[in-house]
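Understanding the architecture of this molecule
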Amino acid sequence: MMTGGVMLALLSKPTRPVVDWDRLSRRIMDQSAQACWVVDRELVTVGVNPALCALLGYRAGELVGSHLLAYVAEDSRSVLERQAAIRDLTPHRSYDVTLIRSDGTRLRAIFNDSRLDGDPDPDGRPAPGFCIFVTDITRRSEEEMQRALRVDQLADAVARMNRCLGQICQELKDPLSAILGATQMISSDVASPDPAGASPAPGTAHLGAYAALCSDAGRQMMRTIENLSLWSRLQLNQVPMDLRVYELGGLLQDVLEELEPRARSRDILIVNRIVATPVLGDLSALNTVLKHLIENAVRFSPSGSIVMLSAALADGRVTVRVQDNGLGIPEERQPHLFRIDPHHAAPGADGEVGSGLGLLICKALVERMGGGIRVLSKPGGGTAVTVALTSGGNG
């Protein structure tokens, strides 16, 4: 039977040595690879480690007893003072400052700042106020500045290129308009009978056909120039949007009057099932989008086929659908539809190759009107382009 003294001896814990926490923390700080700066509540340095001395280029004796702001760049002093002012509200903070090394160079750093609470030391001096771990981010900041500079330079180059492109397009339109006018006059003269009944001059029998070919090529070139001009203005944010409610059926009538002659020449029937359908959009943008989509559908439809126009209303959105019965778009080309990638441009049913800007322009305009655009296509099964716009109705 055990006595009570033995039981107490068995249950008692071994005596632990007293730990000098101040000495231990100083040892950890001195051996740490992370630069460490300890300041009192007046921001006067009371302790530093070798890593901080190496970072700033000062000896410990030069730093201890000096004010922290003496090593902070002028443009960062307000940041440090503001952080010190809120020390009692947020005991742990992280912020960027710029320091000045002993050789006068600037050092961009992150201060991970923690408030220290403790009793005064035996001599009655107050305990340190802050322990700051310093991380050098100078190289990262310089890389970020260089990256931002390159982005700005690239944006400036693109803007200058787009301005130049817009100016070139404008300069090309005037002489091309004159050429188109001349070919139209030639076609009219050839088609008109001579009032005197004289026989056509030799060599003029095919003049009308040649003039028609020149006119078709000129119109295609004019369309490309207009697309380039609009695209450059879109990139420069120079296309204003005046969003109002328009009746889609009425807008389509004007577009179809312009496009139906070409559709008839290729024996393509455009069936419009869109009637009273109010949408919120910009008048010029709506006309441009509708014209591009229907023109593309006609271009890629085989002779004798149908292009179907329809619209559906759901959840306050109007979805406009332009469906053709063409050969469809190969799967490998579909990811490139909304990119400037001429390598993947495909010729239409009549061999005409577009610039590839049509869908890009439609996407930019539709998104600026708060909508979205999708292309659904299956090789051999035709293509459907859907445009979702905000409904202009009350329901």
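Cut-off values and rules
Residues numbered from 1 in each chain as written. Predicted model: local features only at pLDDT ≥ 70, side-chain atom pairs only at ≥ 80, totals over all residues. Heavy atoms only, no water. Helix = DSSP H or I, 4+ residues; strand = E, 2+ residues; numbered from the N terminus. Buried < 20%, exposed > 50% of the residue type's maximum accessible area, 1.4 Å probe, protein only. Contact = heavy atoms within 4.5 Å. Phe/Tyr/Trp six-rings, centres within 6.5 Å; stacked < 30°, edge-to-face > 60°. Pairing = 2+ DSSP bridges. Axes fitted to C-alpha atoms, helices over the stretch in contact; angles between N-to-C directions. 1 Å grid on protein atoms, 1.4 Å probe; cavity = no way out; pocket = protein on both sides within 12 Å on 5 of 7 lines; lining within 4 Å. Points joined across faces, edges and corners; volume = space filled by probe spheres on them. Nonpolar A, V, L, I, M, F, W, Y, C, P; charged D, E, K, R; others polar. Core = buried A, V, L, I, M, F, W, Y, C linked by side-chain atoms within 4.5 Å.

**Some points on the side chain of Glu295**
Tracing the sequence through the fold places Glu295 in helix α9 (residues 283–299). Under the relative-accessibility criterion, Glu295 is labelled buried at 8%. Discounting residues that sit within four places of it in the chain, Glu295 has contacts with Arg223, Leu259 and Arg262.

**Focus: the packing of aromatic side chains**
Within this structure, the stated rule accounts for four aromatic pairs. A centroid spacing of 5.2 Å and a plane angle of 70° characterise the contact between Tyr58 and Tyr71, whose relative ring orientation is edge-to-face. In this pair, Tyr58 is assigned in the loop between α3 (50–56) and α4 (60–63) and Tyr71 in the loop between α4 and α5 (77–85), connecting sequence segments 13 residues apart. These aromatic residues form a ring-pair network of at least three members: Trp37, Tyr58, Tyr71, Tyr95 and Phe111.

**Considering the sheet that holds strand β2 (residues 45–48)**
Taken in spatial order, the five strands of this open sheet run β2-β1-β5-β4-β3, and their pairing is antiparallel. Edge strands, defined here as strands with exactly one partner in the open sheet, are β2 and β3 (92–100). Neighbour-to-neighbour, the strand axes of this sheet turn through a mean angle of 30°, independent of strand direction. In this sheet, β2 lies alongside strand β1 (residues 35–39) in antiparallel orientation, the contact comprising three bridges. Bridge pairing in β2 links Val39 to Thr45.

**Remarks on the sheet that holds strand β9 (residues 306–314)**
Here five strands make up an open sheet; going across it, the order is β7-β9-β10-β12-β11 and the pairing mixed. The sheet is open, and its two borders are formed by β7 (269–272) and β11 (372–377), each paired with just one other strand. Mean inter-strand twist for the sheet, computed between neighbouring axes without regard to direction, equals 15°. Pairing of β11 with strand β12 (residues 383–390), which is carried by six bridges, proceeds in the antiparallel orientation. Considered in β12, the bridge of Val375 is made with Val385. Lying on the sheet, helix α8 (residues 248–265) is in contact with β7, β9 and β10 (317–323); it crosses β7 at an angle near 175°. Against the sheet, α9 touches β7, β9, β10, β11 and β12, its axis set at about 170° to β12.

**A look at empty space enclosed by the protein**
Applying the stated criterion across every chain, the model contains three cavities of 30 Å³ or more. When its volume is computed, the largest cavity comes out at roughly 70 Å³. In this structure, the largest cavity is lined by Leu248, Leu286, Val289, Leu290, Leu293, Val320, Val322, Val366, Met369, Val387 and Leu389. Where the lining of the largest cavity is concerned, the elements lending two or more residues are α9, β10 and β12. Per-element tally for the lining of the largest cavity: the top contributor is α9, with four residues. Of the residues belonging to the lining of the largest cavity, the class tally is 11 nonpolar, no polar and no charged. Here the second largest cavity defines a volume of roughly 40 Å³. Around the second largest cavity sit Leu43, Leu68, Leu80, Gln83, Ala84, Arg93, Tyr95, Asp113, Phe130 and Ile132, which together line it.

**So, the nonpolar core**
Within the largest apolar cluster, 45 residues are counted, with the highest numbers of intra-cluster contacts made by Leu234, Ile270, Leu293, Ile294, Val307, Leu309 and Leu365. Breaking this core down by element, the ones donating at least two residues are α7 (207–235), α8, α9, β9, β10, α10 (357–368), β11 and β12. Each residue touching Ile294, except ones within four places of it in the same chain, is listed here: Leu252, Val255, Leu256, Leu259, Ile270, Leu309 and Val322. Judged by nonpolar contacts, the second largest core, of 27 residues, contains Leu52, Cys53, Leu107 and Phe130.

**Section: the pairing of β1**
Two faces belong to every sheet, and in a regular strand the side chains alternate between them. Of all five residues in β1, five are buried; the element is thus mostly enclosed. A two-sided burial pattern is seen for β1, the buried positions comprising Ala35, Trp37 and Val39 on one face and Cys36 and Val38 on the other. Where β1 meets strand β5 (residues 130–136), five bridges bridge the pair, whose relative direction is antiparallel. Residue pairing across strands places Val39 opposite Phe130, the latter belonging to β5. Taking the residues between adjacent antiparallel strands as the criterion, β1 and β2 are bridged by five residues, where Leu43 takes a positive phi near 65°.

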